[in-house]
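# What the coordinates show
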Amino acid sequence: MDTLTREPHRHRHHSIKNRLCHRCARWDFSKLFTGTVFDAKSTGPPKPKADVERYDIIGDLWDIRPFPKLLDSSSRCPVCNLVMELLCKGGDDRKDPDVELSELKIEYRKHGLNNWFMALRVKIAPWKREIPELRSEPTLEEEKGFLTILPGERFPRQNETNGPLLEYAGKIVSPYCDFTLINSWLKTCNENLLHFSCQKGRSGAATIKKLRFIDINNSCIQVTDVPQKYAALSYVWGAQIMPQMRLTLENFSELTTPQALKNSWSDVPTTVKDAMKVCENCNIPYLWVDALCVIQDGPDLQEELGQMTEIYSSAFVTIIAADGDSSWSGLRGISSPRDYKQGTAEFGQISLVEALPPFSVELDQSNWPHRAWTLQEHLFSKRCLMFLRNRMIFQCNLEWLDESIIARGIPMLTTLKAPQTAPRIRLYSNTNPAPKKSRKFLDFVEAYFCLDLTFDSDIMNACKGIMTWFERTKAMSFFWGTPTTDLVFNLSFLLKDCRRRENMPSWSWIGWRKNDATKEPQPIEF
């Protein structure tokens, strides 16, 4: 049976003529990427014409052609070559393995990433004479099945007089991070008046006067008044067997000596060293890391756990190690390169580039968003610099920016679309509405409940900060994680596929946990 190989396509761009095939030559790429109605667009099902390859366009369907024709023209047409390269890179994704390649079709769909961005989506599917299913937006699973092509940096912003402007372009992500770009993101968010909501933290009035930080210049732990500008690190520690440098009562004096970290550099986890390098290149003098800035066996541990939301809220930026499974994984693009090779095509004055997979998919595949400890860290951060496997994402209270997309003066993303899954614990419903005072906390619990903990005993510690925030700002009080106001209501909850947590009360939500390791993050609005 014919199969698509995972090896790169044999036709390379340097051997492809700078001319489009007759099918791709019919496209108006400017209208495709600016969302303008294409002249050939019509309604109704696809209808064969004199040339059996040609079809009317329906809905978001831009073009459709037999796979063998694509294979043949890929040796001559740069666009077909790019599509073929992406199909080979992704492998054979046919749901029915008995369908021969000769019976397959290639669908080219025009899709709006948001109000400003249009993309060309490509998918291989069985050849059927049926009306394509129209969706305004693909589901997360459908996102994984599409290949996406964006206009490249050379694509003209305006192809005709008074025509629509192309407000964005895809970008080839370099192996290592561009600190000029990072600093421009931080500077714009910090100084632009439109970002006024990013100037203050989300935890309310500051109450902490002194904290321990990593002093970047002196490479040691320093106790100081809370500085105006510091970064906080959000990451996963990793398995218990992984070595982890910790601040303890025993080594406190040693680690507060200037150059202490440099002198023990091989013992400092790679993620911490990379975060220090980010601070150094972004002129941020201090870095807060939980393992090194909280005395792990100190008498004030519980008090400091309760300060977590304020620590992350007051940080100038939170550095998120969203890729990797331990503190030794490092930040992609800092100590280790991003190794994803994007496909490109060029013809005339036009360039096209392969879009990276949706970052919501990439994020969902990592450990960080599924860990219970990291939820409150993300919720309360006003700015986040997120290091994924293939790119950086910058998030603030106003927008999300993707390193792989150039946005020319317009907001790129406003929300992170999380997978919609049924919660394992239900604390209220339309028929059993929650008291207004408790609703935000109960929303938090439903999201938090599905996240992973290495130790069941950490169920209270990992959300200590957010509970302290509710106590301080909402005048709530808790008993074993349960709000004492409307106690009868808050003791009622429904469980799905759960088991008991040892040494925790069964009458509270903290006494239960999900029954398997399936990753099911919950959307939360806070």
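Throughout what follows, the structure given in this document is the object of discussion. (Residues numbered from 1 in each chain as written. Predicted model: local features only at pLDDT ≥ 70, side-chain atom pairs only at ≥ 80, totals over all residues. Heavy atoms only, no water.)

Oppositely charged side chains may form a pair once their charged atoms are brought near each other. In the structure shown here, the tally under the stated rule is 16 salt bridges. The partner of Glu 346 in a salt bridge is Arg 154, with the nearest N and O atoms 2.9 Å apart. In this pair, Glu 346 is assigned in strand β11 (residues 344-347) and Arg 154 in the loop between β4 (147-151) and β5 (168-170), connecting sequence segments 192 residues apart. Classification of Glu 346 by relative accessible area gives partly exposed; the value is 48%. Of the residues examined, Arg 154 reaches a relative accessible area of 40% and is grouped as partly exposed. With its nearest N and O atoms 2.8 Å apart, the salt bridge here joins Arg 391 to Glu 362. On the criterion of sequence distance, the pair formed by Arg 391 in the loop between β13 (383-387) and β14 (392-396) and Glu 362 in helix α13 (residues 359-364) is long-range, its members being 29 residues apart. This pair shows no difference in class: Arg 391 is buried, exactly as Glu 362 is. Connected through shared salt-bridge partners, Asp 323, Arg 332, Asp 339 and Arg 389 make up one network. (Salt bridge = Lys/Arg side-chain N within 4 Å of Asp/Glu carboxyl O. Helix = DSSP H or I, 4+ residues; strand = E, 2+ residues; numbered from the N terminus. Buried < 20%, exposed > 50% of the residue type's maximum accessible area, 1.4 Å probe, protein only.)

With respect to topology, 8 strands assemble into an open sheet ordered β7-β6-β9-β8-β10-β13-β14-β15, the strand pairing being mixed. In this open sheet, the two strands that pair with only one neighbour each are β7 (220-225) and β15 (400-402). Strand-to-strand twist of the sheet, defined as the mean angle between neighbouring strand axes without regard to direction, takes the value 30°. Together, β6 (210-215), β8 (231-234), β9 (286-288), β10 (317-321) and β13 form the strand contacts of helix α9 (residues 270-281), whose direction differs from that of β9 by roughly 145°. (Pairing = 2+ DSSP bridges. Axes fitted to C-alpha atoms, helices over the stretch in contact; angles between N-to-C directions. Contact = heavy atoms within 4.5 Å.)

Here Arg 212 shows up in strand β6. Given the relative accessible area of 15%, Arg 212 is considered buried. Arg 212 sits 14 residues away from Val 226 along the chain, and the two C-alpha atoms are 8.6 Å apart. Non-local contacts of Arg 212, meaning those with residues more than four positions away in its chain, are made with Ile 221, Gln 222, Val 223, Leu 247, Phe 252, Trp 288, Cys 293, Val 294, Ile 295 and Glu 304. Among the polar contacts listed, one links the side chain of Arg 212 to the backbone oxygen of Cys 293, at a separation of 3.2 Å. (Polar contact = N/O pair within 3.5 Å; in protein donor to acceptor, adjacent residues only side chain to side chain.)

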